[in-house]
Amino acid sequence: MSETIDALVEALEAIAGPHPYMVVMLMHEVTRNLYPSDPYIAFTDDRHALQRIADVMENAAHIATAYATVGSYGDLINREAPAAFKDVKDETGDVYGKVWKDNPAHIVDTAKQIIIERFTKNDIPLSLIEGKRVLDMGSGSGRYSCALSLLGAGEVVAIDYGDIGLEKGRQLAAGHGLDNVHFKKADFLDLPFEADSFDFIFCNGTTHHSEDMAKATAELFRVLKPGHHAWYYVYGAGGVFWTTLRAFNDLMKRISIPKEYAMNVLDLIGMPNTRHVFIDHWYVPIFKHTTKEDFEASLRATGFHEFRRCPEGRDTDFDNLVVHGSDEDRAMWGDGELRYLVVK
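Residues numbered from 1 in each chain as written. Predicted model: local features only at pLDDT ≥ 70, side-chain atom pairs only at ≥ 80, totals over all residues. Heavy atoms only, no water.

### A word on the packing of aromatic side chains
Selection rule: Think of it this way: a Phe, Tyr or Trp ring, Trp meaning its six-membered ring, pairs with another when their centres are within 6.5 Å, and the plane angle makes it stacked under 30 degrees, edge-to-face over 60, tilted otherwise. Only runs of H or I of at least four residues qualify as helices and only runs of E of at least two qualify as strands under DSSP, and these elements are numbered from the N terminus. Here's how the labels work: a residue is buried when its accessible area is under 20% of the maximum for its type, exposed when over 50%, partly exposed in between, all with a 1.4 Å probe on protein chains only.
Throughout the structure, instances matching the rule amount to 18 aromatic pairs. Ring plane angle 70 degrees and centroid distance 5.2 Å describe the contact between F295 and Y340, whose orientation is recorded as edge-to-face. Of this pair, F295 sits in helix α12 (residues 292–302) while Y340 is found in strand β7 (residues 337–343), placing the two residues 45 residues apart along the sequence. As far as burial versus exposure is concerned, F295 and Y340 are alike and both buried. A network of ring pairs unites the aromatic residues Y35, Y233, Y235, F241, W242, F287, F318 and W333 as a single cluster.

Set out below in structure tokens:
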């Protein structure tokens, strides 16, 4: 599949100047087909994703190649480099903040159901949250922060570095009448809390965007109370899935299609604004991948000697397929997404 991915990226790069909208639409089509299911757009066949994605990539490359012969008005978008951010945390916050800013209020209810579903299917009792002081470590838009409150947390401290996301979180909390959710701008590589401060930590897909995952994990360990639990999720590695997303992230760094432009294109083709999974992978500045073995080794090195993988989830998740499925599944999704319940 590596040759197929390379051919697709080459074809997309060739039309990025005259036809940037087509690059966005084709990348969107390929990306959604990397998942086992899509809740918004039904797949047209029931083949395994590995077979389906090969055809999708070849078709996308063919369309891109054909568009290379179509005339255009020239490069109509501003490809000048945006103003430099002070550091990568600001840039990451900008990527996610602009994607989340228009999310509707009901995104909190969706987040609540996601937690219930994943916790229930993995035999994680909600009593770990109920009445507890919880840290949402990398809270983003605040949807999970609010959901944790609705699930009975006594207090939720939500930290992030993105100003847009923090403001969105405050709006969501206010709209749901939640006065026990507190948003704070902070760097999770240097948490502003005393050791052993939290009963439960929710760290859901954030540290793989940091400059130092090991330090972030050490900070999580430091502020968690002994004998208490954390939900910790990071990106896996390998397979067609992660290889393609890595290639798309690298491509966007080269061809400089502004993320606002890409978001507008996705809006025009009817992509729901709650589905930010495409834009974040394409534009986030740091995009780290970790094998299951390396992630578990890092947990042990930090001091977590009790942990278990939680592979059961939603239809759009693929951990279950990676853990319990076939070689074909692992070729498609590599190590999957690494969701763990850890104990200090």
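### Here we look at the environment of A262
Here is the rule we go by: In what follows, a contact means two residues having at least one pair of non-hydrogen atoms within 4.5 Å.
Topologically, A262 is positioned in helix α10 (residues 259–268). On the basis of relative accessible area, A262 is assigned to the buried category, the value being 0%. Counting along the chain gives 242 residues from A262 to P20, while the straight-line C-alpha distance between them is 8.5 Å. In contact with A262, not counting residues within four places along its chain, are V24, I279 and Y283.

### Regarding the pairing of strand β6 (residues 306–309)
Test applied: Paired strands, in this sense, are two strands between which DSSP finds at least two bridges.
Burial along β6 is one-sided: the residues F307 and R309 are buried and none of E306 and R308 is. Here β6 runs beside β7; their pairing, made up of 4 bridges, is antiparallel. When the sheet's bridge partners are listed, E306 is paired in β7 with V343.

### Here's the deal with the sheet that holds strand β2 (residues 155–160)
Paired through their backbone hydrogen bonds, the strands of a sheet run either parallel or antiparallel. Test applied: Think of each axis as a best-fit line through the C-alpha atoms, taken over the contacting stretch in the case of a helix, with angles from 0 to 180 degrees between the N-to-C directions.
Taken together, 7 strands build an open sheet; the order of strands is β3-β2-β1-β4-β5-β7-β6 and the sheet is mixed. Looking along the sheet, the strands with just one partner apiece sit at the ends: β3 (181–185) and β6. Looking at each pair of strands side by side, their axes are set apart by 15 degrees on average, direction ignored. The pairing of strand β1 (residues 133–137) with β2 spans 5 bridges and is classified as parallel. If you follow D136 over to β2, its bridge partner there is A158.

### Here's the deal with the environment of G236
Tracing the backbone through its elements, the reader meets G236 in the loop between β5 (224–235) and α9 (239–255). The spatial distance from the C-alpha of G236 to the C-alpha of L8 is 23 Å, given a sequence separation of 228 residues. Filtering out sequence-adjacent residues up to four positions away, G236 remains in contact with W242, H289, T290, D335, G336, E337 and L338.

### Digging into the confidence of the model for the protein chain
Should the pLDDT be low somewhere, the predicted coordinates at that spot are not to be read in detail. Quick note on the threshold: pLDDT measures the predictor's confidence residue by residue and takes values from 0 up to 100.
Considering every residue of the protein chain, the mean pLDDT works out to 90; 91% of them sit at 70 or more. Mean pLDDT per element in the protein chain: helix α4 (residues 88–100) is the minimum at 59, and β1 is the maximum at 98.

### Notes on the nonpolar core
Condition: Put simply, buried Ala, Val, Leu, Ile, Met, Phe, Trp, Tyr and Cys residues joined by side-chain atoms within 4.5 Å make one nonpolar core.
In this structure, L12, L34, F200 and W282 are the most contacted members of the largest nonpolar core, which totals 80 residues. Element by element, the count of residues in this core is highest for α9, at 9 residues. Residues within four places of F200 in sequence aside, it is in contact with F119, L128, I129, R133, V134, L135, L224, H229, A230, W231 and L341. One finds F188, I201, A216 and F304 within the second-largest nonpolar core, a separate group that totals 28 residues.

### Brief notes about the pairing of β5
In this sheet, β5 lies alongside strand β4 (residues 198–204) in parallel orientation, the contact comprising 6 bridges. Looking at the pairing, F198 lines up with L224 of β5. Across 7 bridges, the pairing between β5 and β7 is antiparallel. When the bridges of β7 are listed, V234 appears paired with L338.

### Some points on the side chain of H19
Under the convention used in this document: Residues adjacent in sequence count toward polar contacts only when both atoms are side-chain atoms; beyond that, a polar contact is any pair of N or O atoms within 3.5 Å, and within protein one must be able to donate a hydrogen and the other to accept it.
The topology assignment puts H19 in the loop between α1 (2–14) and α2 (20–32). With a relative accessible area of 1%, H19 lands in the buried category. Within polar-contact distance, the side chain of H19 engages the backbone oxygen of V70 at 3.0 Å. When near neighbours in sequence (up to four residues on either side) are disregarded, H19 contacts Y67, V70, G71 and S72.

### Quick notes on the packing of α1 against α9
The following threshold applies: Relative orientations are named as follows: roughly parallel for angles under 35 degrees, roughly antiparallel for angles over 145 degrees, roughly perpendicular for angles from 65 to 115 degrees, and oblique for any other angle. Note on convention: the crossing is left-handed when the near helix lies turned anticlockwise from the far helix by less than a right angle, right-handed when the turn is clockwise. In this classification, Asp, Glu, Lys and Arg are treated as charged, Ala, Val, Leu, Ile, Met, Phe, Trp, Tyr, Cys and Pro as nonpolar, and every other residue, Gly included, as polar.
Direction vectors running N to C along α1 and α9 enclose 25 degrees, while the axes themselves pass 11 Å from each other. Between α1 and α9, the interaxial angle falls into the category roughly parallel. The way α1 lies across α9 gives a crossing that is right-handed. Packed against α1, whose contacting residues are I5, L8, V9, L12 and E13, the element α9 presents V240, T243, T244, A247, F248, L251, R254 and I255 at the interface. Tallied by class, the residues present in the contact of α1 with α9 amount to 9 nonpolar, 2 polar and 2 charged.

### Section: unusual backbone geometry
Residues apart from glycine generally show negative phi values, whereas peptide bonds are mostly found in trans. Positioned with a positive phi, D196 is a non-glycine residue whose angle comes to about 60 degrees. Assignment of secondary structure puts D196 in the loop between β3 and β4. Despite not being glycine, S256 has its phi angle at roughly 55 degrees, a positive value.

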